[in-house]
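Take a look at the letters that make up each chain.
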Protein chains: 2
Amino acid sequence: MFDLYVVTDSDLSKGRTDAEVARLAYEGGADAVQLRMKHSDGREMLKQAMEIRKVADEFCKFFFVNDRVDIAMASGADGVHLGQSDIPLEVARDLMGETAIIGISVDNVDQAIAAAEGGADYIGIGSIFNTSTKPDAKQGVGLGAIYEIREAVDIPIVAIGGINRGNIQDVVRAGADAAAVVSAVVAQDDVKAAAHELRDLILKVRPHVRPEDLDYGE
Amino acid sequence: MFDLYVVTDSDLSKGRTDAEVARLAYEGGADAVQLRMKHSDGREMLKQAMEIRKVADEFCKFFFVNDRVDIAMASGADGVHLGQSDIPLEVARDLMGETAIIGISVDNVDQAIAAAEGGADYIGIGSIFNTSTKPDAKQGVGLGAIYEIREAVDIPIVAIGGINRGNIQDVVRAGADAAAVVSAVVAQDDVKAAAHELRDLILKVRPHVRPEDLDYGE
């Protein structure tokens, strides 16, 4: 589904817009970008979303919107990513339809099973490590949570939280299908190079890499 | 369309939930309640919205959601109220369809004409007076803005901002079809009595009160 999943954060983006960061991330090899703007008005968020949608189409990549189902729908995003305190999965599904990709944040097995049974298309597990990107995030759940949840559910797992070049291979070895990063990409001087390096690190340790996977970025 | 329009503010509600305040406001004679929760997660906002929807149905009154088109749709609200920095009117219309009631905040004639030409069902003009409810609100536009905009557009006008028992008749005399209040209702010890008094004050100065209007609250 995706290998490297980049989540935006305009506070960390060194003056670049989220759409500019998204373009660089896609160029570097990110398969998915999630627009997360917790403090923006709807109009500005929609503007960024519509720009990222265009860029994602150029690269044939995935684009998700955090939290705001309305902005996901209005911008033509591939789907929405929802936390445990956002609109419930079933409500978002009713609004968006069966073809939307809906991801759910979880931090334990029960939440993961509930998401899978509720029809989530993927889950985001986190924070895996302690992180400064989300100041309200709890203590990292650790790699053990990935192993546990990998045993419990069959849907794709995206690990998130404190992931960087030093530990990204660990989360894949633990069973994550994809790694989501924030500052390790969006806060870098060279966003494209950072994304490229992280994706390479993922592919090197992916358990069953098929030849066609290595040509993924078309 | 409506006479008294109450906008929620959980910070001012003395520990009562927005749904509890809405019930009391409807009981007192409010025709419309708008759920405004600028700092809440989507799940909590949706919960309040679904409760208010039920209460509004009991009383056959209007229910609107501020800003969040997705929550308006998911809760079955009659419509959405959008500010100038929220999702644009035409985008909300595409998502919600022709039957949704969409209100747009304006503070000058140009914005009012744009909203009316864009298909808004009503406009909210404000802030009329200076207000402490919206700390980011600019200096009040005054009653003159109602006169001016009344000349320029035919759609219903809801005046908002700093309106209370002392000035509510002035905004109606200036041409507003309805008055929206926040603290003058939601912050009162007796929400129901406050709503009742304000609605009575509106009806006493409405230019062309027909007998059936006086039996409005069924």
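Undergrad: How do you make sense of the relation of the copies chain A and chain B when you look at a structure like this?
TA: Two chain copies, one operation linking them: a rotation about an axis together with a shift along it. Least-squares fitting of chain A to chain B yields an RMSD of 0.0 Å, with the superposition described by an axial translation of 0.0 Å and a rotation of 180°. What the rotation and shift describe, once combined, is the action of a two-fold rotation axis. Considering only C-alpha atoms, the residue of chain A closest to the rotation axis is D70(A), which sits at 2.4 Å. The residues that chain A uses at the interface reappear at the interface of chain B in 100% of cases, marking a shared surface.

Undergrad: Would you take a moment to explain unusual backbone geometry for this structure?
TA: As a rule of thumb, non-glycine residues mostly have phi less than zero, and peptide bonds are mostly trans rather than cis. All names here are of chain A. Note the cis peptide between G126 and S127, where omega equals -5°. Tracing the backbone through its elements, the reader meets S127 in the loop between β6 (122-126) and α6 (143-152). Of note in the backbone geometry, C60 takes a positive phi value of approximately 55° without being a glycine. The class for C60 is exposed, based on a relative accessible area of 55%.

Undergrad: Got a minute to help me understand the nonpolar core in this structure?
TA: Core analysis: the largest hydrophobic core is formed by 154 residues, its most contacted members being I123(A) and I123(B). Apart from the residues lying within four places of it in its own chain, the contact partners of I123(A) are I104(A), V106(A), A112(A), A115(A), I149(A), V153(A), I155(A), P156(A), I157(A) and V158(A).

Undergrad: Mind showing me how you'd approach the packing of helix α1 (residues 18-28) of chain A against helix α9 (residues 191-205) of chain A here?
TA: All names here are of chain A. Following both chains from N to C, one finds α1 and α9 inclined at 40°, their axes separated by 7 Å at the closest point. The angle between α1 and α9 places the two elements in the oblique class. Where α1 crosses over α9, the handedness of that crossing is right-handed. For the pair α1 and α9, contact is made by V21, L24, A25, E27 and G28 and by V191, K192, A195 and H196, respectively.

Undergrad: Please explain the interface of chain A and chain B as it appears in this structure.
TA: It is common to report an interface's size as the accessible area lost on association of the parts. At the interface, 19 residues of chain A touch 19 residues of chain B. When chain A packs against chain B, close to 1,600 Å² is buried across both sides, 58% of that on carbon and sulfur atoms. Between chain A and chain B we count 2 salt bridges in total. Our count for the contact surface shared by chain A and chain B stands at 11 residue pairs in polar contact (both at pLDDT 80 or more). Those elements that provide at least two residues to the side of chain A that touches chain B are α2 (42-59), α3 (69-75) and α4 (89-96) of chain A. Take the side of chain A that touches chain B: its biggest share by element is 5 residues, from α3(A).

Undergrad: What exactly am I supposed to notice about α1(A) here?
TA: For the α-helix, the turn length of 3.6 residues means that residues three or four positions removed from each other point alike. Residues and elements named next belong to chain A. Along α1, the residues classified as buried are D18, A19, V21, A22, A25, Y26 and G28. Those residues of α1 that are buried lie in contact with β1 (4-7), β2 (32-35), α2, β3 (62-66), α8 (183-186) and α9. After α1 finishes, the residue G29 shows a positive phi value of roughly 125°.

Undergrad: Could you clarify how one ought to interpret the sheet that holds β6(A) in this entry?
TA: Hydrogen bonds between backbone groups are what pair the strands of a sheet, and the pairing can be parallel or antiparallel. Residues and elements named next belong to chain A. Taken together, 8 strands build a closed barrel; the order of strands is β1-β2-β3-β4-β5-β6-β7-β8 and the barrel is parallel. Put simply, the sheet's adjacent strands are angled 25° from each other on average, direction ignored. In this sheet, strand β4 (residues 79-82) lies alongside β3 in parallel orientation, the contact comprising 3 bridges. By the bridge assignment, F64 is partnered in β4 with G79. With respect to the sheet, α1 is in contact with β1, β2 and β3, its orientation differing from that of β2 by roughly 165°. Where α2 meets the sheet, its contacts fall on β2 and β3, and the angle it forms with β3 comes to roughly 165°.

Undergrad: Quick question: what am I supposed to make of the sheet that holds strand β7 (residues 157-160) of chain B here?
TA: Residues and elements named next belong to chain B. With parallel pairing, the 8 strands of this closed barrel are ordered in space as β1-β2-β3-β4-β5-β6-β7-β8. For this sheet the average axis-to-axis angle between neighbouring strands, irrespective of direction, equals 25°. Relative to β7, strand β6 (residues 122-125) runs parallel, the two sharing 3 bridges. Within β7, the position partnered with I125 by the bridge is A159. Helix α2 (residues 42-59) contacts β2 (32-35) and β3 (62-66) of the sheet and is inclined by roughly 165° relative to β3. The strands touched by helix α5 (residues 109-117) within the sheet are β5 (101-106) and β6, with β5 carrying the most contacts at an inclination of about 165°.

The rules behind each value
Counting of residues starts from 1 at the beginning of each chain's written sequence and follows it residue by residue. Here chains are named by letter from A upward and ligands by number from 1 upward, in the order in which they appear as written. Totals for whole chains, interfaces and linings use every residue, but because this is a predicted model, local features are given only for residues with pLDDT of at least 70 and side-chain atom pairs only at 80 or more, for both listing and counting. Heavy atoms from the whole structure form the basis of all side-chain values; hydrogens and water molecules are not counted. When the copies are superposed, the least-squares fit draws on C-alpha atoms of residues that have pLDDT of at least 70 in both. The contact criterion used is simple: two residues touch if any of their non-hydrogen atoms lie within 4.5 Å. Strands are runs of DSSP state E lasting at least two residues, helices are runs of H or I lasting at least four, and both sets are numbered from the N terminus onward. The buried label applies to any residue whose accessible area, calculated with a 1.4 Å probe on protein chains only, is under 20% of its type's maximum; exposed applies above 50%, and partly exposed to all values in between. Only buried Ala, Val, Leu, Ile, Met, Phe, Trp, Tyr and Cys residues count toward a nonpolar core, and they belong to the same one when joined by side-chain atoms within 4.5 Å. Axis definition: a line fitted to C-alpha atoms, over the contacting stretch in the case of helices. Angles run 0 to 180 degrees between N-to-C directions. Throughout this description, any angle smaller than 35 degrees is read as roughly parallel, any larger than 145 degrees as roughly antiparallel, any in the 65 to 115 degree range as roughly perpendicular, and the remainder as oblique. Each helix crossing is assigned a hand: it is left-handed if the near helix lies turned anticlockwise from the far helix by less than a right angle, otherwise right-handed if that turn is clockwise. Summed over both partners, the accessible area lost on bringing two parts together, with a 1.4 Å probe, is the buried area. Put simply, a salt bridge is a Lys or Arg side-chain nitrogen that is within 4 Å of an Asp or Glu carboxyl oxygen. Counting of polar contacts relies on pairs of N or O atoms within 3.5 Å, with two restrictions inside protein: one atom must be capable of donating a hydrogen and the other of accepting it, and residues adjacent in sequence are counted only when both atoms are side-chain atoms. The rule for pairing is simple: two strands pair if DSSP sees at least two bridges between them.

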